[in-house]
Amino acid sequence: GIWLTKENKEEIIMNMNYIYVALCFIPLVLYIIKLRNFELTVKKMVVIAMFSGLSFILSKIVFIQYPQGGSINLLSSLPILLIGLIYGPVEGMTTGPITGVLGLFGGYIIHPVQLFLDFIIPPMILGLSGMFGSDSRAKVFFGCLIVVFLKCCVHVVSGVVFFASFAEQFNMGPWLYSIVYNFSCAGVEGFLSLIVATILPLEKIEREANKGYKASA
């Protein structure tokens with residue numbers, strides 16, 4: 001049929017890419033809505049700033065550097081996962097974008113939308129790590145696993161939309177190339193971070209954190 005022409009195929013692919021990008025922005029929209037009822041205390045600001053800075057520092061300790069800015073680093077997702085587990089989703093989703101903004105210094109940016117897909121939304125999603133709670137290791141593990149997976153999916157969409165040309169160098173399609181690229185760097189780092197988050201004594205950390213909240217109230 002006519003719809004199978006090259007031009008129509010390219011149009012379909014472009015329209016689908018618009019849909020994928022729009023889906024990636026859903027967490028950002030939900031976060032903005034949540035912010036209306038978010039009380040930012042001095043203690044929260046200090047904790048968020050500390051963990052954002054720690055995440056940024058860990059991201060600079062690189063074991064394997066990929067082209068176009070990807071890397072396997074020293075558990076940079078861990079501080080954001082911990083904030084989400086200990087303090088809640090809004091605090092976690094606030095820590096993520098701050099870390100992302102810090103990452104813009106020296107980051108690989110080619111388009112404003114790509115900036116959001118690689119630096120703002122992925123770390124923001126990590127802040128939802130406590131979606132199942134933190135009262136058992138299974139809940140911590142699966143909550144962190146889901147957000148790490150979703151984070152990588154946003155990176156994959158960015159790769160398909162903005163870095164598809166690099167796939168030809170490896171004789172891959174854009175989706176396969178982006179999946180392999182992002183899950184082998186951001187995916188590996190994220191998985192290692194969630195393992196550490198799962199084995200940490202979160203109850204003790206959470207108890208101390210809540211004690212700090214009561215003391216500052």
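Before any of the text, the structure's been laid out above.
So, how was this worked out
Residues numbered from 1 in each chain as written. Predicted model: local features only at pLDDT ≥ 70, side-chain atom pairs only at ≥ 80, totals over all residues. Heavy atoms only, no water. Helix = DSSP H or I, 4+ residues; strand = E, 2+ residues; numbered from the N terminus. Rg over C-alpha atoms; globule rule 2.2 N^0.38 Å. Contact = heavy atoms within 4.5 Å. Areas by Shrake-Rupley, 256 points an atom, 1.4 Å probe, with all protein chains shown as cover. Lys, Arg positive; Asp, Glu negative; His and termini not counted. Charge placed at Lys NZ, Arg CZ, Asp CG, Glu CD. Axes fitted to C-alpha atoms, helices over the stretch in contact; angles between N-to-C directions. Parallel < 35°, antiparallel > 145°, perpendicular 65-115°, else oblique. Left-handed = near helix turned anticlockwise from the far one by under 90°. Nonpolar A, V, L, I, M, F, W, Y, C, P; charged D, E, K, R; others polar. Buried < 20%, exposed > 50% of the residue type's maximum accessible area, 1.4 Å probe, protein only. Core = buried A, V, L, I, M, F, W, Y, C linked by side-chain atoms within 4.5 Å.

What follows deals with the overall build of the chain. In terms of regular secondary structure, the chain is built from nine helices and two strands. Whereas a compact globule of 217 residues would reach a radius of gyration of roughly 17 Å, the chain reaches 18 Å, a difference of no more than 12%. C-alpha atoms of the chain, sized along the principal axes, occupy 70 × 40 × 35 Å. Of the contacts formed within the chain by residues at least 6 apart in sequence, a portion of 70% connects residues at least 24 apart. As displayed, the chain offers around 11,700 Å² of accessible surface, 71% of which is attributable to carbon and sulfur atoms. Averaging the positions of the 14 positive and the 12 negative side-chain charges in the chain gives two centres separated by 10 Å.

Moving on, we come to the packing of helix 2 (residues 26–34) against helix 6 (residues 112–126). Put simply, helix 2 and helix 6 touch, their axes get as near as 9 Å, and they point 60° apart. Relative to helix 6, the element helix 2 lies oblique. Once helix 2 is placed against helix 6, the crossing between them reads as left-handed. Contacts between helix 2 and helix 6 involve Pro27, Leu28 and Tyr31 on the former and, on the latter, Phe116, Ile121, Met124 and Ile125. For the contact of helix 2 with helix 6, a count of residues per class yields seven nonpolar, no polar and no charged.

Let us look at the packing of helix 4 (residues 78–86) against helix 5 (residues 89–103). The axes of two packed helices give the description: the angle between them and the distance between them. Orientation of helix 4 relative to helix 5, taken along the N-to-C sense of each, is 160°, at an axis distance of 6 Å. Regarding the angle of helix 4 to helix 5, the classification is roughly antiparallel. In this structure, helix 4 crosses over helix 5, and the sense of that crossing is right-handed. Listed contacts from helix 5 to Ile80, Ile83 and Gly84 of helix 4 are Pro89, Glu91, Gly92, Thr95, Gly96 and Thr99.

The next subject is the environment of Leu30. Take Leu30: it is sitting in helix 2. Relative accessible area serves as the criterion here: at 49%, Leu30 is assigned to the partly exposed category. Note: C-alpha distance between Leu30 and Val90 (60 residues apart in sequence) is 9.9 Å.

We now examine the nonpolar core. Leu117 and Cys144 are the most contacted members of the largest nonpolar core, which has 42 residues in total. Broken down by secondary-structure element, the contributors of at least two residues to this core are helix 1 (6–24), helix 2, helix 4, helix 5, helix 6, helix 7 (137–162) and helix 8 (174–199). Examining the composition of this core, we find that eight residues originate from one element, helix 7, more than from any other. Apart from the residues lying within four places of it in its own chain, the contact partners of Cys144 are Leu81, Leu85, Ser129, Leu194 and Ala197.

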